[in-house]
Structure formats: structure tokens, C-alpha cells
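Below are the chains, spelled out letter by letter.
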There are 2 protein chains.
Amino acid sequence: MNGPVRLDAGDPGFDAAFTQLVNARREADSDVARDVRAIVASVRDEGDAAVAAFTKKFDGHDLNESGWRIEPGECQAALDGLASDLRAALELAAARIAAYHEKQKPADSDFTDDAGIRLGARWRGVDAAGVYVPGGRAAYPSSVLMNAIPAKVAGVERLVMVTPTPKGEANPLVLAAAALAGVDEVWRIGGAQAIAALAYGTGRIAAVDVVTGPGNAWVAEAKRQLYGVVGIDMVAGPSEIVVIADGRNDPRWIAADLLSQAEHDPTSQSILFTDDLAFADAVAAAVEDELASLATADTARASWQANGAIFTVPVLEDAIALCDRLAPEHLELAVDDPQTLFDGVRHAGSVFLGRHTPEAVGDYVAGPNHVLPTGRRARFASGLSVLDFMKRTSFLALDKAGLAAVGPAAVTLADAEGLPAHARSVAVRLGQG
Amino acid sequence: MNGPVRLDAGDPGFDAAFTQLVNARREADSDVARDVRAIVASVRDEGDAAVAAFTKKFDGHDLNESGWRIEPGECQAALDGLASDLRAALELAAARIAAYHEKQKPADSDFTDDAGIRLGARWRGVDAAGVYVPGGRAAYPSSVLMNAIPAKVAGVERLVMVTPTPKGEANPLVLAAAALAGVDEVWRIGGAQAIAALAYGTGRIAAVDVVTGPGNAWVAEAKRQLYGVVGIDMVAGPSEIVVIADGRNDPRWIAADLLSQAEHDPTSQSILFTDDLAFADAVAAAVEDELASLATADTARASWQANGAIFTVPVLEDAIALCDRLAPEHLELAVDDPQTLFDGVRHAGSVFLGRHTPEAVGDYVAGPNHVLPTGRRARFASGLSVLDFMKRTSFLALDKAGLAAVGPAAVTLADAEGLPAHARSVAVRLGQG
């Protein structure tokens, strides 16, 4: 354990060290890809039998004995059995997530232009979507809500959840969240075999159109390989946070924020930028203090030691430029005037403004999605949204006059491209056939 | 050559034959994937040297002699050298494409809810995008416009084009379109090696954030494999059209439409649904007539014989349900009241309404994008748009009162998920630390 990186922007080795951090890969390698190709091919070719065999092998139970599905009644019973504060918290989260995502629904367009040509685009929800929910360490009801609610807001009619149940045991919180979010089917399967089953369909499980949800390296790789057979959300890597904070924060608050990311997994990454050297020291000390009593200290310490970093910069504006190179999943701006810094941010999945907006409040109840691009993908990718469960059909209607206005140009271009049947399909309608 | 499929919905074998058609794959297989993996790894590890070696091997010229780049002046000269009708047609197309795509620009959101919590989302263009333009058979200036203009409308600052120049020869029409569309850099490279160069960057070529554009099976597979390293548009397969037409159309018009798709490639697919048996016969005959004089008859005939189909149905509404199973790239509704049929369509990339809207007019000058989901992907995917070159950053700002309103629920959920540092990052701010 080397401990977190600790550098000042004025250090001679800073540029090289920061570039190394930007380019570091914390993700799975090609062995996983090979294994996943074999699993996917097997499920495609052998369907249920392959799914059952992999489940027996990886999850340790026989689907034909433990049952393939978890019935809706079991999910509802899990919801009904929740402690009242927990149920109220889940309901608040679900309501706020639904409200935020309702505003993402795209408007159709339908207009007639100066040439008398009608043009437009129509959005519709996909017919069926599948949500992957991990078992074990990362069995999070909040993930169920964050994936399922946007699908329902999008108008998805058949919403399927798959979740591994190691040795047959399901997580009641996950089932309760599924009931609350309106999931239509729950299957007791996981891993790459579950993704393949959703993409290709099997005898028992009808194929879906879009698959989303977090998972381990096998799940992520299966989604990547099946992209195009189905739609997927962005491939997810280890979680990460960048905190940009001045010296007027409580070091304990910022330490807690850094650890809230570090406790996810040893591959997670937490980075602090500050313009105050004494504050940097205080946060480093507060992290150690917190770790002394944190129940998840083993994971959080491993992440902080391996991937954590504290950078000091002359002014916080410098941190924004460096942060853009990282394009982090989460960015906290813990200053009095976060908007000015935020105006300069180009690349981040989600930004948390001000001293009273810890990233964790966004993980659960604030409303925006917590499924966000990782591994510098915020350069080009966005958080999960209603759009991931919808598709757009463009349309076009010309009458004779409209075709007369633009058709000749189409004929000219088609001829120039060496596509005479294209040209002819327009020309015959212009009376040139 | 078996000729196009010809079936009536009442035929005993109809369901089986139609299902076979729906499930038929006309796409590349895993040999391509293996080759592409090797090329991608080589470009990632060896950069320019690998790109030059593959270009020498596949395109037959030495980049260090023929030149890696095509300079902006050469593109402008190609534009200036166009015949005036061709230049006018390209300019009309560019203006209409820009106008349509301007309307796709998403609105930012920024609002404060009842709990006093500020929420929103901010859209920005990606920094850099790469557009692939095929050489040889499919070197289409219209593709340049359809890929480059949405990127520019999105606000992309650095727009890169890659295009193979077999034996060093570039297509002047493609260069002219690049100049018109505002492409910033043009590189004389193609194939999987070009996609890998754009995704990873090389010594000479800076990496981009998004790669779009059509290509052969190697190009499509490279994009699929590099999805996640960069953003990509949907993986594209062979082109396809479904025409739904009543008996009151000119059979020659509909035949021309079917052939306009068939002439793209032997793997293209053209399908007619009609409720009029005599009209079906007339179209089949008209296709043969057209083929007798069509310059692209070899390709078009191969496609029509291998993948074409004419289906007769009792009423055209039945064709809509069958068409949804195909989720075609292009759908023409050649009837007097296309809107009624269109209202029932769930899955199609782009729809062409009425008798005077041949699909080809949309390929060139109408305005909507001609890069559309193929191979049943319209179930979940959309045509290329400004959104493909943008990304969304969500944001959140709570003050002390806002955190007091929703923070306790976040603490409850974090505790239930076994994430105590998440809970603590909220609790310390609630004075519970």
C-alpha cells in the first residue's frame, strides 16, 4: 500500500503523474472477454439449458428446483414487510426520481417548411426492457429504482428484472424496490448468462429490446458484446468522485464524501483538489480518523490507498481544467459560489453544487439518475435517462409540389453517386420516367 | 437464384416463412471479429506504424509517400471545381439537413422544486468527433453531409474525417462535401485501422470522443469493439426498405423504390406489402422491366433475388403488424391516407408518407438523417442525430433546508444498503456526525 497520491501542481513531476492517473485503467481485461464470448454463444444456442447450467455453476443453485422466477406476489410481500421508515424513504426516492425523469421525456416534432414539405420525429418507448440487478455486495434497491423508473416513465410495457440469487437467496430490499417501481417480471439469474438470455431470449424468457443496469466485469462485457443485438446503457466501470473544495469546508465532511465513493469497491477512485495546503492535510487526517471506525473500512482503505489522490493547486479554476481531463462520474464543487466553477466544467457525469450537496444524496433521493458514465466516458456519454428506453422515428411527407421543389437536386446527387435507381425513383414521379 | 419470396398471408406456410425472414441474418460473422481484434490491438500498441502498415496492405499505398492528410485547400478546391448544378444540389441538401437538425438541439433544464432543491441537466457538444467515409463502392458525399452536419450543429469543435483512398485516389465529391460541411481534418485512412486510430489516437492523429459513419463489416465490427472507448452511432448492417402500397400506385414508381434499396449491395433487402394481387404481379413485372436497363442491375438483381419479397395481405393494416416485426430502416406508406397507417407503426427508422415521397428523397435533400437503424434495431435505436454528438451533465444543489428535507431518507437507504460512508456523508451535514 503506497497510500493515496499526494501532489502539488507546482511539483516537478506533477504533469507526468497526473497524465498517468488520467490514463490508468482500472478495468477488466481480455480474459473476461473470452469467457463471456463462450457463455453468450452457449446461451444463444442452447437457451434455458445453458442458463440453468451456468446458474448451477456460478450461483450454486438449480433453477429447476429453486424456481426460475420470483413471483410478483413475493415482491409485493417484501414491500409490505418493510419497516415504515425504510418504506417511506424508498417511496420518497421513487417519487423524486419519477418527477425528475418525467421532465426528460422528449417532445415529438411535426412541422411543414417553406417548401411545403412536412417533416418530423416521433418518440416511442421500446416494447420491452431488462434491468440487471447485481446480487451479493452490490445488491442495491436504489439501483432498481434508478433503472426501472426511467423505463416506466418512457412507457416500456414489459419491464423485466434479472438478479442472481446466490444459493437461491434473494435480497428482500431489491424485491421491494421492484414492486415499488412496477417491474413486471423477475428472473433469478445473473452474470453474462442473464444478459445473453435477455438479449436473445430463451424458451422461458422472451427477449427484450434494451438491457441496462450495473454488474461485475462479466456483466459489463456481456452487455458490450451484445450491443447491437439489444440497446444497452453505457458500459460501466469502477465508480469515481472528484471533489473540488476550498479551505472553508469541514474536513470531516469532505473526508466522508471521499470515503463514500471508496467504500464501493477497491477499484473505486476518490480525488480531492484544493487550493489550501493545510486543508489538504486536514482532510488526509480526517480520512484516517473516519477509517478507524467505518464498517466498510477494509474496502474503503484499499480503494483510498490504491487509487485515492489529493492535489493542491494555486487556484480552484486550475482544478477545473485538470478535472476535465478526468471527466469524472461525480464532481462535487464545495465552495460558496459553485456556479462560477460549474460554468467552466466541460466533462462530468453529474455535478453536486455547494457545501450541502454530498454526492450520496444524489445516489438515493435527489432525483437525477445515479447511473453515470465512468472511466472518462463523460467526454461523450450521459447518465441513464428516459431516452435510453425510447427510440425516435423520423418522418417525411412530400406532395407533388414539394417533390418538384427538392426532387431535382436528389436526382442530381443520386446520379453523381452512381445510384441510378435512387435517381429514377424520384425522376419517375417528376414525370421524367 | 430463387427469385424474391412471394407469399400471401393466407398461404399455409406464411407464418413460418415470415418468421424465417424476420430472423434471417444478413451480416458478417465471427471471422471478421477476430481479424478486427488483431488490427485494433496493433493500432493501439504501435500507433502510426500499424496504421501505415495496414494501409499499405489493404489500400495499396504508402502514407509516408502519398501523404497522411488531405489538406483543407484540396477539399475547398474540390468544392470550387464542382459543376454548378451539383454544387447547388449539395448546398440545398446541406442547408436542409442543417435546418432539420437544428431543431433536435436539446434544451437544458434548471429548476427548483417544492423542497427548495435545485435540479437540472446541461447539454454540451463533445470536444472532437470522427466521421468515417467509405471509399470505393460506397463513397457518398451525402454520407459526409449526414454525419458531419449534425456534429457541427451539436457544437463539436474538432471534426475529423477519415476515408480510405485506394491506391491513393480520393473521391473529389467526398472532399467537396467535407469542405461544405466544415470538416476540420481529413485523413487518408480507412478500415478497422482508421476506427482504432480515431478511438485511441496515434502519434499523428489525436483521439476523438465519438466515431460515426458507415463502413464495411470490418469498420462496423471495429466500432462495436471500441464502443466504450469512444461513443459510436448504432452498428449498421445492410440497408433495407419496406413499402406498403395499395393497388392505386403506378407499379413503375414502386418498382423503382424497391430497386433503389436493392442497388446498394447484394445484401440489401426490399420488401413490398400490398392488398392487391394484380398490383403485386404488376410490380414484380415492373422490377424486371427496370432491371433490363438499370446500370446497377447486377447488384440490384442479386439483392432482389436473394432478399427481396412481395407479400399480399387482406388489408394493409395487417401489413403494419408484420412490418413491426421487421422494424425496418425505411418504411414507405404509398396510400392516400398514410397518417392512419403511420399511427399504428411502432418500429421503423424513418417513414415516408404518401405517393410522392420516395425514400431516395430522404437519402439526399429532405433534411432528416439517412443514417438509420438496420437489422431490426429500430426496435430500440434511432437515426443519427445531434444527440449522438452531445452529452448531458446532470446537476444538483441543496442548501441546508433542502438537505434537511431529503437527507434523512438518504441516510436510511444508505444504511439499509450497507454503505455507512454514504450515510455518514449526509449525516455529518445534518449535525448527526
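Cut-offs used in this document
- Residues numbered from 1 in each chain as written.
- Chains lettered and ligands numbered in written order.
- Predicted model: local features only at pLDDT ≥ 70, side-chain atom pairs only at ≥ 80, totals over all residues.
- Heavy atoms only, no water.
- Helix = DSSP H or I, 4+ residues; strand = E, 2+ residues; numbered from the N terminus.
- Buried < 20%, exposed > 50% of the residue type's maximum accessible area, 1.4 Å probe, protein only.
- Areas by Shrake-Rupley, 256 points an atom, 1.4 Å probe, with all protein chains shown as cover.
- Pairing = 2+ DSSP bridges.
- Axes fitted to C-alpha atoms, helices over the stretch in contact; angles between N-to-C directions.
- Contact = heavy atoms within 4.5 Å.

## Things to note about the overall build of chain A
Of the regular secondary structure elements, chain A holds 18 helices and 15 strands. Dimensions of chain A, computed from C-alpha atoms along their principal axes, come out at roughly 80 × 60 × 45 Å. Per-residue burial over chain A gives 62% buried out of 433 residues. With an accessible surface of roughly 15,000 Å², chain A has 51% of that area assigned to carbon and sulfur atoms.

## As for the sheet that holds strand 12 (residues 309-312) of chain A
The nine strands lie next to each other as 1(A)-12(A)-11(A)-10(A)-13(A)-14(A)-15(B)-4(B)-3(B), forming an open sheet whose pairing is mixed. Bordering the open sheet on either side are strand 1 (5-8) of chain A together with strand 3 (109-112) of chain B, each of which pairs with just one other strand. Averaged over neighbouring strand pairs, the angle between their axes works out to 15° when direction is ignored. Bridge count for strand 13 (residues 330-334) of chain A against strand 14 (residues 350-353) of chain A is four bridges, and the pairing is parallel.

## Observations regarding the sheet that holds strand 14 (residues 350-353) of chain B
Read across the open sheet, the nine strands follow the order 3(A)-4(A)-15(A)-14(B)-13(B)-10(B)-11(B)-12(B)-1(B); overall the sheet is mixed. Since the sheet does not close on itself, it has two edges, and those belong to strand 3 (109-112) of chain A together with strand 1 (5-8) of chain B, each with one partner. Mean inter-strand twist for the sheet, computed between neighbouring axes without regard to direction, equals 15°. Pairing of strand 1 of chain B with strand 12 (residues 309-312) of chain B, which is carried by four bridges, proceeds in the parallel orientation. By the bridge assignment for strand 12 of chain B, D8 of chain B is matched with T312 of chain B. Running over the sheet, helix 6 (residues 84-102) of chain B touches strand 3, strand 4 (118-125) and strand 15 (390-397) of chain A and is turned about 40° from strand 4 of chain A.

## Remarks on the pairing of strand 3 of chain A
Residues and elements named next belong to chain A. Pairing analysis gives four bridges linking strand 3 to strand 4, with the strands arranged antiparallel. Note that in strand 4 the partner of F111 across the bridge is L119. Taken together, strand 3 and the strand that follows it, strand 4, pair antiparallel across an intervening segment of five residues, in which G116 is found at a positive phi of about 75°.

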